[in-house]
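Structural description and commentary
Here is how the chains run, residue by residue.
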Amino acid sequence: MPGPGNVGERVRNLRLTRRLSQAQLAGHDLSDSYISLIESGKRTPTPTVLRMLAERLGCTPEYLAEGVEPEQRAHLEVRERHAHLALLGGDPGTAESGFDEVIARSDDPDLTSRARWGRARALEELGRADQAIALFEELREQAERDPGRASWLPPVIALARCYHTVGDLGQAIALGERAMDRLGKLGLAAGQEYTEAGRILLLAYIDRSDPARAHELGRRLLHPEGSGQDESTSVHYQRASMRALEEGTIGDSLYFADQALAARTDATPVRAQARLALAAAKALLRGVMPFSEPAPATMADVVSPGEGVPGIEKPRAEGSREAAQEALALLDGTDALEGAEATESTIAKARALVLVGELEEAIAELEQFLQTGMALAAPEQGRTLTPHPGNDLAARTQKTVLARLVLARARVAQGDRAAAKVVLRAASEQLRTLPAGRPAAHLLRELGELFELVQDVEAAAAAYRQALEAAGLHAAPSQEANHDLGRV
């Protein structure tokens, strides 16, 4: 455990433990009044005085200065690194406990800051997004107060991702745009930060039904223009670090210098690019025109944000055949994805295959997915899943329902309405287990569209009504007039 309080308190506590007076501790080299000033916190001892006091008190200078012995510091440094390894290894629970220990025992501001960052990431991975947001906000405020020590870009990007997860699209977009603007001012159009901020912003634009901005951003991310495109990521980071240094933002400069050094051994951030490719493919399959094509002179035919029913986005046309072909090409580069993102890639590929007419291949992909794991399990009667974004079962259920909806769409395209109805009824039953919210509203809206395609008007109306309720909207109860309004 770190020593209590500040330097002066540790000096005083050890002096009393050793049964020394201030004059005895001062010796011939110092005055007892100077010792008194140190103990009261009115003077900070120099490194030379610290060494002198530590020798007389029987401790190390590190303990007096920071409250942690060298062996303790080394142990906490190792513990913090092991916690990060656990996080990278997919064990956020173990990582969280490791970071908690470091935070509780460390008196080193830099080590504590790294542990707090790791704890926030562990909370995010555990699905406790609200707690992660609170910690990331603290880290952002700390970085903004002291820009010479740390960069605020990483917590801002993390916050954009977390706010998108919990459905706060306004905050996600505001923070994502702020991050992209900062990266633009530093001339950094490469690297993990640029890719991740762009990916989050692209998804948020799509969820807000803003295809024009989604197309402009996706084209910029996937088809960059200008010089320097053939340079290594390390060179881009180094240039950004130099620009930050020139403008006096030392925290940003140090951060990007570290990134430049790390990029020397990892010139191709494969997973970051794969995640961006998945986000771009999903955008193409939700009506955004191909990123390989420039935006038309007029965007009057593009859905504007805010149109449609409040609370859920306006029903959108599926992507074009050309967009689907581009999506398939992007999805070929997502092999590095694992877990939930790999599942999203599988479903997105099946949707694209339906749009290009490869129905048998799409059905085979989806049926293989639906025949594995929890997708086979029927929903438990009357069971509702816990309503928070990180609920693993809820997330898997959403993906299973989405797979069934895409499978039903493929069956409709085959002309087999009976088979499509069977799949839609299974999806409808599973949707009953999901908590209300934006994800459920989107799935119910698509369920209603598909019931319309198989000419089940009653089921379609029920799905649309449930979509409104999941989005927090309810029909006003009918009221009988209680007085004669007379003739108008």
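Residues numbered from 1 in each chain as written. Predicted model: local features only at pLDDT ≥ 70, side-chain atom pairs only at ≥ 80, totals over all residues. Heavy atoms only, no water.

An unreviewed UniProt entry annotates the chain as Helix-turn-helix transcriptional regulator originating from Actinomadura violacea.

A few words on the pattern of salt bridges. On inspection of all chains with the given rule, the structure shows 35 salt bridges. Across the salt bridge formed by Arg178 and Glu144, the nearest N and O atoms sit 2.7 Å from each other. Here the residue Arg178 occupies a position in helix α11 (residues 169–185), and Glu144 occupies one in helix α9 (residues 129–145), the gap between them amounting to 34 residues. (Salt bridge = Lys/Arg side-chain N within 4 Å of Asp/Glu carboxyl O. Helix = DSSP H or I, 4+ residues; strand = E, 2+ residues; numbered from the N terminus.)

Bringing helix α3 (residues 32–39) into the picture now. The complete set of buried residues in α3 reads Ile35, Ile38 and Glu39. Burial along α3 is one-sided: seen end-on, the buried residues are contained in an arc of 95°. Residues of α3 that are buried in the fold lie against α1 (7–17), α2 (22–26) and α4 (47–57). (Buried < 20%, exposed > 50% of the residue type's maximum accessible area, 1.4 Å probe, protein only. Arc of directions from axis to C-beta. Contact = heavy atoms within 4.5 Å.)

Let us now look at the side chain of Thr433. Counting through the fold element by element, Thr433 comes out in the loop between α21 (417–431) and α22 (438–453). On the basis of relative accessible area, Thr433 is assigned to the buried category, the value being 8%.

As a further point, take the packing of aromatic side chains. All told, the structure shown has one aromatic pair when counted by the stated rule. Plain terms: the ring middles of Trp117 and Phe136 are 5.1 Å apart, the flat faces sit at 65° to each other, and that makes the pair edge-to-face. In this pair, Trp117 sits in helix α8 (residues 109–125) while Phe136 sits in helix α9, placing the two residues 19 residues apart along the sequence. (Phe/Tyr/Trp six-rings, centres within 6.5 Å; stacked < 30°, edge-to-face > 60°.)

Contact geometry of α22 with helix α23 (residues 457–470) gives a least axis separation of 8 Å together with a crossing angle of 165°. On the basis of their axis angle, the class for α22 and α23 is roughly antiparallel. Considering how the two elements wind past one another, α22 and α23 form a crossing that is left-handed. Counted together, Ala440, Ala441, Leu444, Arg445, Leu447, Gly448, Glu449, Phe451 and Glu452 of α22 and Ala459, Ala460, Ala463, Tyr464, Gln466, Ala467 and Ala470 of α23 form the full contact between these two elements. Residue composition of the contact of α22 with α23, by class: eleven nonpolar, two polar and three charged. (Axes fitted to C-alpha atoms, helices over the stretch in contact; angles between N-to-C directions. Parallel < 35°, antiparallel > 145°, perpendicular 65-115°, else oblique. Left-handed = near helix turned anticlockwise from the far one by under 90°. Nonpolar A, V, L, I, M, F, W, Y, C, P; charged D, E, K, R; others polar.)

This paragraph deals with the environment of Ala352. As for its placement among the helices and strands, Ala352 is situated in helix α18 (residues 339–355). Ala352 sits ten residues away from Ala362 along the chain, and the two C-alpha atoms are 8.2 Å apart. If near-sequence neighbours (up to four positions away) are discounted, Ala352 is found in contact with Leu285, Ala324 and Leu328.

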